[in-house]
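Below, each chain spelled out in residue letters.
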Amino acid sequence: DRAAWWRNNRLCFEIDYICHRPQSNKWAYMTSSKWKQNVFQPTMELKPSAWKYDGGRYNAELRVGIKVDSPTRRMERTTESDDSGEEFSFDTCQLSTTDTHVVLQSVFNDMVGEFYSRSLLGLHQTMMMGVHQDEDQNDDVGNSADNDEATTSSSQSLALPWEQDIQFYIHIPLQGKQVLDGHKLFTAGMLANSNAGMPMSFLDLF
């Protein structure tokens, strides 16, 4: 549905209910028997980009990295010790009040023009594809359902992608490169929800 417009899209890698401890950069998935919907929580690792970039003038930003085990691989452990010996309790993590967090990454993201043409156009395409897929599904259901009016009314009550509360992060994986005001202004324009937070640098999470 529109609440999950990023699902099953080749431009997106999606994960659900992940928790982060910035002090030690520990990551883990939250789990709950109360969740009825399917969640995607794979064992995965996000590594820094190549060490050298643009003829060796720039190095990778090594602070950005995610490594997390799936709940199955974690074998239902509730705590792990970080490098300082302190315990990080996965079950005490609190969910953000913002349901959807989107990290934008593409080649040459540090240049605003490249960011616009590569990241933002891809984001717009993904949002629109989510709307069209939802409309196609509603057409199929409406043609076979006895209560077409109720189905249509329920569909219209769903928020469009740009109407949702989404926190955007801009990932520039290079040392010495910063997220500019132009990055933030262009990205903020993708949403019509006045309650959404201002786009941030992905590095701010680390």
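Remarks on a nonpolar patch on the surface
- Where nonpolar side chains cluster on the molecular surface, the patch consists of V107, F108 and M111 and spans about 240 Å² of accessible area.
- Relative to the assigned elements, V107 resides in the loop between β9 (100–104) and α1 (112–144).
- When its relative accessible area of 45% is taken as the criterion, V107 is described as partly exposed.

A few points about the pairing of strand β2 (residues 26–29)
- For strand β1 (residues 18–21) and β2, the ladder comprises four bridges, and the chain directions are antiparallel. Bridge pairing in β2 links R21 to K26.

Considering the packing of aromatic side chains
- Within this structure, the stated rule accounts for six aromatic pairs.
- Here the aromatic rings of W27 and F206 are separated by 5.9 Å at their centres, their planes lie at 45°, and the arrangement is tilted. On the criterion of sequence distance, the pair formed by W27 in strand β2 and F206 in the segment after β11 (200–201) is long-range, its members being 179 residues apart.
- Residue W27 is classed as buried on the basis of its relative accessible area of 10%.
- Between Y169 and F202 the ring centres are 6.3 Å apart and the planes differ by 65°, which places this aromatic pair in the edge-to-face class. With Y169 in strand β10 (residues 166–170) and F202 in the segment after β11, this pair connects stretches of sequence that are 33 residues apart.
- Looking at Y169, the relative accessible area reads 7%, which means it is buried.
- Aromatic ring contacts, followed pair by pair, group W27, Y169, F202 and F206 into a single cluster.

Structural notes on the pattern of salt bridges
- Going through the model one piece at a time under the given rule, you end up with five salt bridges.
- Residues R7 and E14 are paired through a salt bridge, measuring 2.6 Å at the closest nitrogen-oxygen approach.
- The partner of D16 in a salt bridge is R7, and the shortest N-O contact between them spans 3.2 Å.
- Because the salt bridges share partners, they merge into one network encompassing R7, E14 and D16.

Looking at the sheet that holds β11
- Within the open sheet, the three strands sit side by side as β9-β10-β11. Their pairing is parallel. The open sheet terminates on both sides in strands that have one partner only, identified here as β9 and β11.
- As paired strands, β9 and β10 are joined by five bridges and run parallel to one another. Bridge assignment links L104 to a residue of β10, and that residue is I170.

Things to note about the nonpolar core
- If you look at the biggest cluster of nonpolar residues, it comprises 17 residues, and the most contacted ones within it are W5, L104, L123, M127, I166 and F168.
- Elements that contribute at least two residues to this core include exactly β9, α1 and β10.
- No other element matches α1, which puts four residues into this core.
- What L104 contacts, discounting residues up to four positions off in sequence, is N109, F115, S119, L120, L123, F168, Y169, I170, H171 and T187.
- W27, V64, I66 and F202 belong to the second-largest nonpolar core, a separate cluster that totals eight residues.

Points about the environment of T97
- By secondary structure assignment, the location of T97 is in the loop between β8 (87–89) and β9.
- Judged by relative accessible area, T97 falls into the exposed class, the value being 77%.
- Each C-alpha atom, one on T97 and one on D165, is 9.3 Å from the other, the two residues being 68 residues apart in sequence.

Rules and cut-offs
- Residues numbered from 1 in each chain as written.
- Predicted model: local features only at pLDDT ≥ 70, side-chain atom pairs only at ≥ 80, totals over all residues.
- Heavy atoms only, no water.
- Patch = residues over 30% accessible without salt bridge, like charges linked within 9 Å, V, L, I, M, F, W, Y side chains within 5 Å.
- Areas by Shrake-Rupley, 256 points an atom, 1.4 Å probe, with all protein chains shown as cover.
- Salt bridge = Lys/Arg side-chain N within 4 Å of Asp/Glu carboxyl O.
- Helix = DSSP H or I, 4+ residues; strand = E, 2+ residues; numbered from the N terminus.
- Buried < 20%, exposed > 50% of the residue type's maximum accessible area, 1.4 Å probe, protein only.
- Pairing = 2+ DSSP bridges.
- Phe/Tyr/Trp six-rings, centres within 6.5 Å; stacked < 30°, edge-to-face > 60°.
- Core = buried A, V, L, I, M, F, W, Y, C linked by side-chain atoms within 4.5 Å.
- Contact = heavy atoms within 4.5 Å.

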